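Letter by letter, the chains look like this.
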Amino acid sequence: MIGTIAKPMEEIMPYLEGKDNLMVIGCNGCAKAIHSGGEAEVNQMVAELEKRGKKVIAAGAPERTCYIQHTRAFLEPLQQELNDCGAIVVMGCGGAVQIVRQATEEKHLLKHIVSSLNSIGHFDTVVPGTEFVEQCMECGDCMLNMTGSICPVTKCAKGLLNGPCGGSQNGKCEVNPDRDCAWVLIYNRLKALGELDKMQQYQPPKDNSKITRPRRAVYNEKTGTALA
Amino acid sequence: MKTESKLESILNKGEFAVTAEIGPPKHSSPEAIKHHAEMMRDYVDATNITDCQTAIVRMSSIAAGLHVMKNGIEPIIQMTCRDRNRIAMQSDLLGAYSLGVRNVLCLSGDHQKFGNHPTAKNVYDIDSMQLINMVRRMRDDKVFLCGEEIKQAEPRFFIGAVANPFADPFEFRVVRLEKKINAGAEFIQTQCIFDMERFERFMEMVRQRGLHERVHILAGVTPLKSWRAAKYMQTSVSGMIVPDEIVERLKKAEDPKKEGIEICIEQIKHIRNIPGVHGVHIMAIAWEEIVPEIVQRAGLYPRPKAE
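The paragraphs below set out a description of the structure included in this document. Residue positions within a chain follow its written sequence, with the count starting from 1. To read the labels, note that chains go from A and ligands from 1, taken in the order they are written. Residue-level local features of this predicted model are given only where pLDDT is at least 70; pairs of side-chain atoms are given and counted only at 80 or more, and the full residue set underlies all totals for whole chains, interfaces and linings. Calculated side-chain values reflect all of the structure's heavy atoms, with hydrogen atoms and water omitted.

Comments concerning the packing of helix 8 (residues 227-236) of chain B against helix 9 (residues 244-252) of chain B
Residues and elements named next belong to chain B.
- For helices, the axis comes from a line fit to the C-alpha atoms of the stretch in contact; other axes are also lines fit to C-alpha atoms, and the angle between any two N-to-C directions lies between 0 and 180 degrees. Numbering of helices and strands runs from the N terminus, with a helix taken as a DSSP run of H or I at least four residues long and a strand as a DSSP run of E at least two residues long. Contact geometry of helix 8 with helix 9 gives a least axis separation of 8 Å together with a crossing angle of 160°. Taken as axis vectors, helix 8 and helix 9 run roughly antiparallel relative to one another. Crossing geometry of helix 8 relative to helix 9 is assigned as left-handed. Note on element contacts: helix 9 touches helix 8 through Asp244, Val247, Leu250 and Lys251, opposite Trp227, Ala230, Lys231 and Gln234.
- The residue inventory of the contact of helix 8 with helix 9, partitioned by class, reads four nonpolar, one polar and three charged. The scheme is simple: roughly parallel for angles under 35 degrees, roughly antiparallel for over 145, roughly perpendicular for 65 to 115, oblique for anything else. Each crossing gets its handedness from the near helix: less than a right angle anticlockwise from the far helix is left-handed, clockwise is right-handed. Throughout, a contact is declared for two residues whenever any of their heavy atoms are within 4.5 Å. Here the term charged refers only to Asp, Glu, Lys and Arg, the term nonpolar to Ala, Val, Leu, Ile, Met, Phe, Trp, Tyr, Cys and Pro, and the term polar to all other amino acids, Gly among them.

Right under this line is the structure:
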């Protein structure tokens, strides 16, 4: 899922200055899972905005706001509110914010859209409901087959590809002693698997052209797959 | 001789090499660098010029290296992977060589978290292993990293790398060293050694793999000014092991600075007798003035002449 955390209200409010009759749109996908923009958080936001003197004329959370069809369906019965609103507060990832923009543009509306969350990465749920960690940063050139299914690109503070730097001590990373050194984890796992030779092999520089942004995938009917 | 490096010539002759370190200033005056260079000139074979060490903005290592060179010392330009991508690094390598620099030390670099710009974005487009390989291929294969030919005047650096026998996993450290040698490293400077027993074990593994015959290892030493400095290194500098005896010895000393020098000289004498060690790298952090005395008293003066 996409990890998101709330921006402070002090950061959001200036963008809402002079704007009233707001809409609040959360996301019942990732933002719900990480407690930043599901229905519960949308309700809190509505209360907070009202406390600050704003009127909220519609609020809710589509199934997954980053899917255009879900957002379209959510907005369908809210045509009047959409026309009347002074701004839309979106409580979703950066993708959700831009999908909401697209949905309003499709309706030929020019609306102020205010993002209330910061997107902080591709997260995995390691303890349901409570703990989420970033394990993959979508480098486009996956090397997990070489590293015992532990990603050094994401989990090593320097993203090193050829083993641990000199700052690895007692199995921890020098950048944050609470965090395991990714390369020590990789070493231990490869050792257990009898595959330490993988760590002896020279890994050439990454092909960073694979993360030239923005990336895109388009479904091809002939092959039946989405191609980058 | 693969290069015009004086350090390479001294090491190839089988001399026990001495290198030191000069940290560029946090301003644009070269006076302190010149002073340190003049002072060390006759006592070392080359000096490292650090590259924004601990991620603190300082004068560029190449520019500072030029000042050192003008004052009679051969510089070893440190190059980290933290601040530049492969394009900028190759560009700087061409520039440094054009100015007369002949040695480069390839490192990952300290994480920006430790410096004065913790909000900076790091680069790490390539890692230290790949940097070593890139410098070697530029020289021996006359190609840029992308494979394109360097049509004339390829940069011919003597290639250095670092090794930390005190980091984890210990058994992998020597494997990583071998990887660096395979990638192209020709000399190695180690992290500061205080735990001599562990360094001896590391060197034993080096010899078992025959690596001492493929690379010149320069053992890193650091003179300590006080027990507090020792304690700081013990507790706050990662990838470092400082035994309690050293802290205690400095604590008990009447003149801790003198004791720090003594310890360093003892370490150098010890290191000289470890088979496979080809030199010493003295990192007198913010204490550059002491290098001549240490070199002299450790019996490493006068320095040999390069061919």
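Focus: the sheet that holds strand 5 (residues 113-115) of chain A
Residues and elements named next belong to chain A.
- Should DSSP find at least two bridges between two strands, the strands are taken to pair. The four strands lie next to each other as 3-2-4-5, forming an open sheet whose pairing is parallel. Each edge of the sheet is formed by a strand with only one pairing partner; in this case those strands are strand 3 (56-60) and strand 5. For this sheet the average axis-to-axis angle between neighbouring strands, irrespective of direction, equals 20°.
- Here strand 2 (residues 22-25) pairs with strand 4 (residues 87-90) via four bridges, running parallel. Bridged to Leu22 within strand 4 is Ala87.

Some words on the sheet that holds strand 1 (residues 17-22) of chain B
Residues and elements named next belong to chain B.
- With respect to topology, eight strands assemble into a closed barrel ordered 1-2-3-4-5-6-7-8, the strand pairing being parallel. Within this sheet the neighbouring strands show an average axis-to-axis angle of 30°, counted without direction.
- Examined bridge by bridge, strand 7 (residues 216-221) and strand 8 (residues 277-282) share five bridges and lie parallel to one another. The residue of strand 8 that forms the bridge with Ala219 is Val280.
- Taken strand by strand, helix 3 (residues 61-70) contacts strand 1, strand 2 (46-49) and strand 3 (75-80), and its axis lies near 175° from that of strand 3.

Some points on the interface of chain A and chain B
- Contacts between the two partners involve 29 residues from chain A, matched on the other side by 32 residues from chain B.
- A combined buried area of about 2,400 Å² lies between chain A and chain B, and 50% of that area is made up of carbon and sulfur atoms.
- Throughout, buried area stands for the accessible area (probe radius 1.4 Å) lost by two parts on being put together, summed over both. For chain A, the biggest contributors to the area lost against chain B are Lys158(A), Gln169(A) and Tyr202(A); these three give 23% of the whole.
- One speaks of a salt bridge when a side-chain nitrogen belonging to Lys or Arg is within 4 Å of a carboxyl oxygen belonging to Asp or Glu. Taken together, the connections running from chain A to chain B amount to one salt bridge.
- Residue Lys191(A) is joined to Glu171(B) by a salt bridge in which the shortest nitrogen-to-oxygen separation is 4.0 Å.
- Pairs of N or O atoms are called polar contacts if they sit within 3.5 Å, as long as, within protein, a hydrogen donor faces a hydrogen acceptor (for residues adjacent in sequence, only side-chain-to-side-chain pairs). Applying the counting rule to chain A against chain B returns 26 residue pairs in polar contact (both at pLDDT 80 or more).
- Elements with a minimum of two residues in the side of chain A that touches chain B: helix 8 (182-193) and helix 9 (197-200) of chain A.
- Taken together, the residues of the side of chain A that touches chain B break down into 12 nonpolar, 13 polar and four charged.

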